[in-house]
Amino acid sequence: MTEHERPKGVLRVGDRVRFEDRVHTVVGLSGTTVRLVDEHNTASMVMFAHLMASDGFELLDATATTPGLPPFGLLDTVPEVALRKARFFEKHLIEVETGLPPEAPRGLFPGPNTTRNGGP
């Protein structure tokens, strides 16, 4: 899967992001916590939703060659019906957290009527 095929709101180990006006590399993912290391080798941990919603956040480079990590465990053991349901709801959760559906065009920002901006 390339960067352009990756659903919006998905980070992987090795991705480089801009957060709090610094460039960071994603070095770990655990549940909803993202472990970052900046260009000065300063480590930090941040909640995924906070990172994605922060002003100035930007995915700079996506490392397409690294294997994807499932966000909360091994999905290979989940029955297909439950997996389809989870993926259906995942799209809605991403939209609630970011203000945009995962398939939104790159560069689009939440409007004034989205949940993220205090709308309905």
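Up top you'll find the structure we're talking about.
Residues numbered from 1 in each chain as written. Predicted model: local features only at pLDDT ≥ 70, side-chain atom pairs only at ≥ 80, totals over all residues. Heavy atoms only, no water.

Asker: How would you explain the sheet that holds strand 1 (residues 16–19) if you had to name every residue and give the values?
Answerer: Taken together, five strands build an open sheet; the order of strands is 4-3-2-1-5 and the sheet is antiparallel. In this open sheet, the two edge strands, each paired with only one partner strand, are strand 4 (43–47) and strand 5 (58–61). Within the sheet, the average angular offset between the axes of one strand and its neighbour, ignoring direction, is 40 degrees. Of the pairings in the sheet, the one linking strand 1 to strand 5 comprises three bridges and is antiparallel in character. (Pairing = 2+ DSSP bridges. Helix = DSSP H or I, 4+ residues; strand = E, 2+ residues; numbered from the N terminus. Axes fitted to C-alpha atoms, helices over the stretch in contact; angles between N-to-C directions.)

Asker: Can you explain the nonpolar core? Please cite residues and give values.
Answerer: Core analysis: the largest hydrophobic core is formed by 13 residues, its most contacted members being Leu 11, Val 17, Val 34, Leu 36 and Leu 51. For this core, the secondary-structure elements that each account for two or more residues are strand 1, strand 3 (33–38) and helix 1 (48–53). For this core, the element with the most residues is helix 1, which contributes three residues. (Core = buried A, V, L, I, M, F, W, Y, C linked by side-chain atoms within 4.5 Å. Buried < 20%, exposed > 50% of the residue type's maximum accessible area, 1.4 Å probe, protein only.)

Asker: Mind laying out helix 2 (residues 80–98), listing which residues take part and the relevant values?
Answerer: Given a rise of 1.5 Å per residue, 19 residues ought to cover 27 Å, and the 27 Å separating the end C-alpha atoms of helix 2 matches this to within 8%. Where helix 2 is concerned, the buried positions are Leu 83, Ile 94 and Thr 98. Looking one or two places after helix 2, you find Gly 99, whose phi comes out positive at around 85 degrees. (Expected span 1.5 Å × (residues − 1).)

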